[in-house]
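Structural characterization, general
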Amino acid sequence: MVPATHYAKSGDVHIAYQVVGDGPIDLVLVHGWISHLEYQWEDPALARFLNRLASFSRLIVFDKRGTGLSDRVAESALPTLEMRMDDIRAVMDAAGSNRAVIFGISEGGPLSTLFAATYPGRTAALIMYGAYAKWIRTDDYPWGPTREQHEAAFNAYEKHWGTPIGLKTLAPSAANDERVRQWWAQFMRIAASPGAGITLYRMNVEVDIRAILPTIRVPTLILHRRGDRLQPCEGARYMAGQIPGAKFVELPGDDHMLWIGDADLLLAEIQEFLTGETPMLEADRVLATVLFIDVVQSTQRATEIGDSRWRDLVDNYHQLVSKEVARLGGRVVNTAGDGVFATFDGPARAIKCARAVRDVVGSLGLAIRCGIHTGECVIEGDDVAGIAVHIGARVAARADPGEILLSSTVKDLIAGSRVECSDRGSHTLKGVPGRWRLFAVQECAR
């Protein structure tokens, strides 16, 4: 559920904020470049990350002025770092927080650092992830992009604002995931206007907080992924060397977006730093229904119409499938070629989705086959794994063109529904122990 959004008054500007959890530690999360308080909960991985933070803290998160749900201001009046510090204090006051851990992400790092140095009495600790002290290359700071590289990025973002631009740099491990691409494109559109986004980006490039790093006197944790393509790890090491007593943790991975990739390692470091307790890094296990969809005779069809038209057709197909999955409460986990892997919290919705997809993709002249199974799945960030996933894929491989094939587990769970099935007999599924009775859907309630 999306937490309630409240507003703090900072001067004449209303700053939107949320409070999540009731832990003993107040933790103010300072997002990077742009944000949107309510839409952030639409991304399962980001929502999971925020909820994990709130499991050991009282999490306070806000939209900076000019972005998200906070007052939009003229581009000429976008906030300086000093104004942004005023906004943090206003949010803390409104949330009843006298002293908090300040957690700055990416561009939020310099702001959090300045706040910790200016208001040590209100800062219990400082945490930074993917942050920087300076973001433009000079002789004495060789890790940032050149001004020419930034100018090229400004132009590209302005031209392609509201598209999945930047994901290959921000989240390379998820750059080809259609669900992530759609979420990021919409996030940009609703988090800021193109003009505000580019103006903020230009402001961020000019920030240089190197001189204040030695003045930090609060416990500090600096986290950075080794292969971060936006902010090189060397810049984080530099900051850790300049802040007295700072703890630096270099994490594996290439993603700049902290909730993409192995977020559990990052969360564990934060929890141990704040509580002294090292959490068990066990993968979450849940009961879920998996749906696998494959296009029948895709190679033949691609040969008939040519590669370019086939790519366009597959893009349309993925968009239609994603729409139906979302409409019926599911989540697309992965798309590979013409295949789709989605999860649902109940088998009936998965069956309805399979039927709906079969109907809508028929308008594209495509035939599909589907396999559905329910079992215990391992949730690892955005990924879903476990034997149930393998079984679902093997069930789909047994389906005929146009067929929705169910495992016996699904058949048993939909007892009493208006779904009629025909027995397809007992089968061995490659790589799965034992024999499995499979059933083909004949009719189901819409």
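Worth saying up front: this structure is predicted, and the values here are computed from it rather than measured. (Residues numbered from 1 in each chain as written. Predicted model: local features only at pLDDT ≥ 70, side-chain atom pairs only at ≥ 80, totals over all residues. Heavy atoms only, no water.)

What about empty space enclosed by the protein?
A probe as big as a water molecule, rolled over the atoms, marks out the empty space that is left. Condition: Residues are said to line a cavity or pocket when one of their atoms sits within 4 Å of a point; the points come from a 1 Å grid over protein atoms alone, cavities being sets where a 1.4 Å probe fits but cannot get out and pockets being open sets with protein on both sides within 12 Å along at least five of seven lines. Grid points are joined across faces, edges and corners, and a volume is the space filled by probe spheres set on the points.
According to the stated counting rule, one finds 1 cavity of 30 Å³ or more in the structure shown. In this structure, the largest cavity encloses a volume near 50 Å³.

Quick look at the side chain of His150
We count it as follows: Only DSSP runs of H or I with at least four residues qualify as helices, and only runs of E with at least two residues qualify as strands; both kinds are numbered from the N terminus onward. Contact criterion: two residues are considered in contact whenever any of their non-hydrogen atoms come within 4.5 Å of each other.
In this structure, His150 sits in helix α4 (residues 147-159). Among residues more than four places away in sequence, those in contact with His150 are Trp135, Ile136, Pro145, Tyr201 and Val205.

Describing the sheet that holds strand β6 (residues 123-129)
The line we're drawing: For two strands to be treated as a pair, DSSP must find at least two bridges joining them. Angles shown run from 0 to 180 degrees and are taken between the N-to-C directions of axes, each axis being a line fitted to C-alpha atoms and, for helices, limited to the stretch in contact.
The sheet built from 8 strands is open, its strands ordered β1-β2-β4-β3-β5-β6-β7-β8 with mixed pairing. Each edge of the open sheet is held by one strand with a lone partner, namely β1 (6-10) and β8 (247-251). Direction aside, the axes of adjacent strands within the sheet are offset by 25 degrees on average. With 4 bridges joining them, strand β2 (residues 13-20) and strand β4 (residues 58-62) adopt antiparallel strand pairing. Looking at β4, one finds that Val20 is bridged to Leu59.

Overview of the packing of aromatic side chains
Filter applied, for reference: What counts as a ring pair is set by centres within 6.5 Å for rings of Phe, Tyr and Trp (its six-membered ring), and what kind of pair is set by the plane angle: stacked under 30 degrees, edge-to-face over 60, tilted for all other angles.
Applying the stated rule across the entire model yields 16 aromatic pairs. For the ring pair Tyr141 and Trp143, a centre distance of 4.9 Å and an interplane angle of 80 degrees mean the geometry is edge-to-face. Relative to Phe187, the ring of Trp183 lies with its centre 4.9 Å away and its plane at 15 degrees, an arrangement referred to as stacked. Note that Trp183 and Phe187 are positioned in helix α6 (residues 178-191) at a spacing of 4 residues, about one turn of the helix.

Quick word on helix α9 (residues 263-275)
Each α-helix winds once per 3.6 residues, and so residues spaced three or four apart point in a common direction. To keep it simple, the criterion reads: A helix is expected to span 1.5 Å multiplied by its residue count minus one. In the analysis that follows, any N or O atom pair within 3.5 Å is treated as a polar contact, provided that within protein one partner can donate a hydrogen and the other can accept it, and provided that, for residues neighboring in sequence, both atoms belong to side chains.
Compared with an ideal rise of 1.5 Å per residue, which puts 13 residues at 18 Å, α9 spans 18 Å between its outermost C-alpha atoms and is within 8% of the ideal. Against β3 (26-30), α1 (44-55), β5 (100-105), β6, β7 (220-225) and β8 lie the buried residues of α9. At the N-terminal end of α9, a side-chain oxygen is found 3.4 Å from the backbone nitrogen of Asp264, two or three residues along, and the residue is Asp262. Downstream of α9 by one or two residues, Gly276 has phi in the positive range, about 80 degrees.

Comments concerning unusual backbone geometry
Residues other than glycine seldom take positive phi values, yet Ser106 does so here, at roughly 55 degrees. Examined against the element boundaries, Ser106 turns out to sit in the loop between β5 and α3 (108-118). The backbone of Gln297 sits at a positive phi, close to 55 degrees, despite the residue not being glycine. Relative to the elements of secondary structure, Gln297 occurs in the loop between β9 (284-295) and α10 (298-305).

Quick word on the environment of Thr409
Tracing the chain through its elements places Thr409 in helix α14 (residues 408-413). For the pair formed by Thr409 and Gln231, sequence separation is 178 residues and the distance between their alpha carbons is 47 Å. Apart from the residues within four sequence positions on either side, Thr409 is in contact with His373, Thr374 and Trp436.

Concerning the layout of surface pockets
We apply this condition: Ten residues, namely Ala, Val, Leu, Ile, Met, Phe, Trp, Tyr, Cys and Pro, are considered nonpolar, four, namely Asp, Glu, Lys and Arg, are considered charged, and the remaining ones, Gly among them, are considered polar.
The volume enclosed by the largest pocket comes to roughly 790 Å³. For the largest pocket, the lining is made up of 27 residues, of which Pro44, Arg179, Gly330, Arg331 and Val332 are closest to its centre. Secondary-structure elements contributing two or more residues to the lining of the largest pocket are α1, α6, β9, α11 (307-327), β10 (331-336) and β11 (339-344). For the lining of the largest pocket, the per-class residue count stands at 13 nonpolar, 7 polar and 7 charged. Taken as a whole, the second largest pocket spans an internal volume of roughly 660 Å³. Lining the second largest pocket we find 36 residues, and of these Trp33, Ser106, Leu170, Leu230 and His256 sit closest to its centre.

Regarding the packing of α10 against α11
Cut-off, in case you're wondering: Each angle is binned into one of four classes, with values under 35 degrees roughly parallel, values over 145 roughly antiparallel, values of 65 to 115 roughly perpendicular, and all other values oblique. Here is the rule for handedness: rotate from the far helix to the near one, and if that takes an anticlockwise turn smaller than a right angle the crossing is left-handed, while a clockwise turn gives right-handed.
Where α10 meets α11, the closest approach of the two axes is 6 Å, and the angle between their N-to-C directions is 125 degrees. One element, α10, and the other, α11, form an angle in the oblique class. The two elements α10 and α11 cross, and the hand of that crossing is right-handed. On α11, the residues touching Ser298, Arg301, Ala302 and Ile305 of α10 are Asp307, Arg309, Trp310 and Leu313.

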